[in-house]
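# Coordinates in review
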Amino acid sequence: MGTGATIEQILHRIGHHGRVAADVETLFALHRAWRNAVPYENLDIQLGRPILLDAEALFDKLVRRRRGGYCYEQNAGLAMLLRLAGFQVTMVEAAVLRAARGEETWGNHNALLVDLDGGRWLADAGIGDGFIQPLPMREGPHTQRGLTYRLERLDPDTWRLHHHPGGTIASYDFRLQPREIADFATRSREMSTSPTSAYVTTLMAARPSAEQTLVLLSRTLRRLGADASTAHTITDVDEFARTLATHFLVPLDDLGPDGVAHLWHRTGAQDDLWRARVRNADAPGWTGETTRGA
């Protein structure tokens, strides 16, 4: 891997203290611990920093500096951990909202397939309010924390994940052919720098908490769960800083001396923008569908 990364460093980062073996119990535990400890966030994009997908840069950001990232970063980091733990992991190309937007969405997401004891599992840390534990690659419904996801096989090489009702996306498709993280570099550069990309126009962060998932869009904090979705508007920069540090575990020092102030300033106009998108959205319970993908 060329990073000097050790599994002990990553396990310490995610707070996993149990046994590690290439079995289902460990797979579930590591996936769950990663989701809980490594926030989904696009703060570097908001600060104008480049998104680097090489192994050393990912290890430095996600492990040493204890930051989070968006889909490409998240799943490359999770793949690193699972491979160090002895799992057979395949990274694959995915397409968020392909059902609605068509073929141009291919490559706007990545996901992981884990082969274990003759079975296969879908792993993914790159959807902010996604599943906490891997899903068995089996058609039909799969329920976690009172939320139901559904897998559908579209053709021999293509599957669709239907997100839980009320989630931040409706679905994503994925292909079974192996890909490398370098294959996503061009699309990541586009999505992290284009003025029309939602990752540039909207600050995003998400992290599961107990039976809910916390989702931050600009200055609006939502709590998504099986029972309800509630929203709260952050009113000042101090509350904004506390929210990033406490709810999303962001080490504020890593954002730079003026990082929080810069993000707070940017999110003012952003909040008005995504609220307008909500008002114009067709789907009931919309929480950010138009902010996913380029």
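Look above for the structure.
All of the points below concern the structure found in this document. (Residues numbered from 1 in each chain as written. Predicted model: local features only at pLDDT ≥ 70, side-chain atom pairs only at ≥ 80, totals over all residues. Heavy atoms only, no water.)

A general tendency of soluble globular proteins is for nonpolar side chains to be buried together. Membership of the largest hydrophobic core comes to 50 residues, with the highest contact counts inside it found for Ile-14, Trp-34, Leu-81 and Phe-87. Element by element, the count of residues in this core is highest for helix α5 (residues 71-84), at eight residues. Dropping the residues within four chain positions of it, Phe-87 is found in contact with Ala-21, Ala-22, Asp-23, Thr-26, Leu-27, Leu-30, Leu-82, Val-114 and Leu-116. Listed in part, the 20 residues of the second largest apolar core include Val-92, Leu-151, Ile-169 and Phe-174. (Core = buried A, V, L, I, M, F, W, Y, C linked by side-chain atoms within 4.5 Å. Buried < 20%, exposed > 50% of the residue type's maximum accessible area, 1.4 Å probe, protein only. Helix = DSSP H or I, 4+ residues; strand = E, 2+ residues; numbered from the N terminus. Contact = heavy atoms within 4.5 Å.)

Moving on, we get to the sheet that holds strand β13 (residues 229-233). Neighbouring strands of a sheet are bound in pairs by backbone hydrogen bonds; such pairs are parallel or else antiparallel. On the basis of which strands lie adjacent, the open sheet formed by five strands has the order β1-β10-β11-β12-β13 and antiparallel pairing. Whereas interior strands pair on both sides, the edge strands pair on one side only; in this sheet they are β1 (40-41) and β13. Two elements, β1 and strand β10 (residues 204-209), share two bridges in a ladder whose sense is antiparallel. Residue Tyr-40 lies in a different strand from β10, and its bridge partner there is Ala-206. (Pairing = 2+ DSSP bridges.)

So, on to the sheet that holds strand β2 (residues 88-96). If you trace the eight strands from one edge of the open sheet to the other, you get β5-β4-β3-β2-β9-β8-β7-β6, paired in antiparallel fashion. The open sheet has two edge strands, β5 (135-136) and β6 (140-144), and neither has a second partner. Two elements, strand β3 (residues 109-116) and strand β4 (residues 119-123), share five bridges in a ladder whose sense is antiparallel. Bridging from a neighbouring strand, Leu-112 pairs with Ala-123 of β4. Across the face of the sheet, α5 comes into contact with β2, β3 and β4 while running at roughly 20° to β3. (Axes fitted to C-alpha atoms, helices over the stretch in contact; angles between N-to-C directions.)

Let us now look at the packing of helix α4 (residues 55-64) against α5. Their axes nearest at 10 Å, the elements α4 and α5 cross at an angle of 95°. Compared by their axis directions, α4 and α5 come out roughly perpendicular. When α4 is examined against α5, the residues Ala-55, Leu-58, Phe-59, Lys-61 and Leu-62 are found in contact with a partner set consisting of Glu-73, Ala-76, Gly-77 and Met-80. Class assignment for the residues of the contact of α4 with α5 results in six nonpolar, one polar and two charged. (Parallel < 35°, antiparallel > 145°, perpendicular 65-115°, else oblique. Nonpolar A, V, L, I, M, F, W, Y, C, P; charged D, E, K, R; others polar.)

With that settled, the discussion passes to the pairing of β4. Linking two consecutive strands that pair antiparallel, namely β3 and β4, is a turn of two residues; a positive phi of about 50° is found at Asp-117 within it. Bridge analysis of β4 against β5 gives two bridges, and the strand direction is antiparallel. Of the residues in β5, the one forming a bridge with Trp-121 is Pro-136.

A separate point is the side chain of Ser-197. On the secondary structure map, Ser-197 appears in the loop between α7 (185-193) and α8 (198-201). By relative accessible area, Ser-197 is classed as buried at 1%. There is a polar contact of 2.5 Å between the side chain of Ser-197 and the backbone oxygen of Met-191. Sequence-distant contacts of Ser-197, defined by excluding residues within four places in its chain, comprise Glu-190 and Met-191. (Polar contact = N/O pair within 3.5 Å; in protein donor to acceptor, adjacent residues only side chain to side chain.)

This brings us to the packing of aromatic side chains. One pass over the full model with this rule turns up seven aromatic pairs. Aromatic pair Phe-240 and Trp-264: ring centres 5.4 Å apart, planes at 50°, arrangement tilted. Here Phe-240, found in helix α9 (residues 237-247), pairs with Trp-264, found in helix α10 (residues 259-280); they are 24 residues apart in sequence, far enough to count as distant. Overall, the relative accessible area of 15% leaves Trp-264 in the buried class. Every member of this aromatic cluster is reached through a ring pair, and the members are Tyr-70, Tyr-72, Phe-184 and Tyr-199. (Phe/Tyr/Trp six-rings, centres within 6.5 Å; stacked < 30°, edge-to-face > 60°.)

Read these as spatial facts, not as claims about activity.
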